[in-house]
Amino acid sequence: NAGVTQTPKFQVLKTGQSMTLQCAQDMNHEYMSWYRQDPGMGLRLIHYSVGAGITDQGEVPNGYNVSRSTTEDFPLRLLSAAPSQTSVYFCASSYSPFSGNTIYFGEGSWLTVV
Amino acid sequence: AQSVSQHNHHVILSEAASLELGCNYSYGGTVNLFWYVQYPGQHLQLLLKYFSGDPLVKGIKGFEAEFIKSKFSFNLRKPSVQWSDTAEYFCAVTPRDTGGFKTIFGAGTRLFVKA
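The rules behind each value
Residues numbered from 1 in each chain as written. Chains lettered and ligands numbered in written order. Predicted model: local features only at pLDDT ≥ 70, side-chain atom pairs only at ≥ 80, totals over all residues. Heavy atoms only, no water. Helix = DSSP H or I, 4+ residues; strand = E, 2+ residues; numbered from the N terminus. Rg over C-alpha atoms; globule rule 2.2 N^0.38 Å. Contact = heavy atoms within 4.5 Å. Pairing = 2+ DSSP bridges. Axes fitted to C-alpha atoms, helices over the stretch in contact; angles between N-to-C directions. Disulfide = S-S within 2.5 Å. Buried < 20%, exposed > 50% of the residue type's maximum accessible area, 1.4 Å probe, protein only.

Chemist: Give a detailed account of the overall build of chain B, specifying residues and quantitative values.
Modeler: Secondary structure assignment for chain B yields zero helices and twelve strands. For 115 residues, the compact-globule estimate of 2.2 N^0.38 gives 13 Å, and chain B sits close to it at 14 Å. Its C-alpha atoms give chain B principal-axis dimensions of about 45 × 30 × 20 Å. Counting contacts in chain B only where the partners sit at least 6 residues apart, residues at least 24 apart contribute 56% of the total.

Written out as structure tokens, the structure is:
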């Protein structure tokens, strides 16, 4: 039972480079989201999706793009990395959060931008 | 904007001490409430949640939380902590009347339990 799978686990980027963090879930969840975790700030929502073809912005969307072409996959793209994007990124999925369903998290992706 | 406040950023306790971690949220509508735990080197896992019904919720590993609507609070408690409870604890809130799509997390409380 894979759950939520994120890759890569660790990445170092140079300022201005682009990259994609991959996220896949095998639980047929319609809701997926990306958070970043920074010391003293908890988890902040970057983007979320309520189903294939539907995405929306969270609290801190600037500098990130997402797409949802399938139910399973929700990649996060950094178009031009900046040092301020150094963080730990978590992908999450669930059935509708409206109904109090548990959110399942991936193991995190540690990104350093130099 | 909605927000979640966790009062203590760091807590240090000895084994067998009682634990209470505070959580307050700023939102006037109906909410779902969660506590998640992140053990060192691991991802976040659900500890307990409140959706409706009895405001006293029991979770895994002896944790419980009480939803006090009038105080906009959802404090986490455990009567006797163990060394293995050392972790970071996050309170989270999902406002339901905005579609329930945005779950907001607090800044987290790092708990260290001395053996």
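Chemist: Which residues make up the sheet that holds strand 1 (residues 4–7) of chain A, and what values go with them?
Modeler: Residues and elements named next belong to chain A. Here four strands make up an open sheet; going across it, the order is 1-3-8-7 and the pairing antiparallel. The open sheet has two edge strands, strand 1 and strand 7 (64–66), and neither has a second partner. Each neighbouring strand pair of the sheet contributes to a mean axis angle of 20°, computed without reference to strand direction. Two strands pair when backbone bridges link them, and strand 3 (residues 19–25) and strand 8 (residues 76–78) are joined in this way by three bridges, in the antiparallel orientation. Paired with Met19 across the two strands is Leu78, which belongs to strand 8.

Chemist: Explain the environment of Phe105 of chain B residue by residue, including any values.
Modeler: Locating Phe105 of chain B in the fold gives a position in strand 11 (residues 104–105). The sequence separation of Phe105 of chain B and Gly41 of chain B amounts to 64 residues, and the corresponding C-alpha distance is 19 Å. Beyond its immediate stretch of four places on either side in the chain, Phe105 of chain B contacts Tyr35, Leu43 and Phe105 of chain A together with Val4, Tyr36, Leu44, Phe90, Cys91 and Ala92 of chain B.

Chemist: Residue-level account of the state of the cysteines, with values.
Modeler: Tallied over the entire structure, the rule returns two disulfides over all chains. Each sulfur in the disulfide pair Cys23 of chain A and Cys91 of chain A lies 1.8 Å from the other. Looking down the S-S bond of the Cys23 of chain A and Cys91 of chain A bridge, the torsion is -75°, so its handedness is left-handed. Linking Cys23 of chain A in strand 3 with Cys91 of chain A in strand 9 (residues 87–94), this pair joins segments that are 68 residues apart in sequence. A relative accessible area of 0% means that Cys91 of chain A is categorised as buried. Between the sulfur atoms of Cys23 of chain B and its disulfide mate Cys91 of chain B the distance is 1.9 Å. Given an S-S torsion of about -70°, the disulfide between Cys23 of chain B and Cys91 of chain B has left-handed geometry. Of the two residues, Cys23 of chain B is situated in strand 4 (residues 23–26) and Cys91 of chain B in strand 10 (residues 87–95); the sequence distance between them amounts to 68 residues. Of the two residues examined, Cys23 of chain B and Cys91 of chain B, each falls in the buried class.

Chemist: Could you give an account of unusual backbone geometry, with specific residues and numbers?
Modeler: Residue Thr7 of chain A is joined to Pro8 of chain A through a cis peptide bond whose omega torsion reads -5°. Mapping Pro8 of chain A onto the fold places it in the loop between strand 1 and strand 2 (10–13). Even without being glycine, Phe72 of chain B reaches a positive phi, approximately 50°. Examined against the element boundaries, Phe72 of chain B turns out to sit in the loop between strand 8 (64–68) and strand 9 (73–78). Here Phe72 of chain B falls in the partly exposed class, since its relative accessible area comes to 34%.

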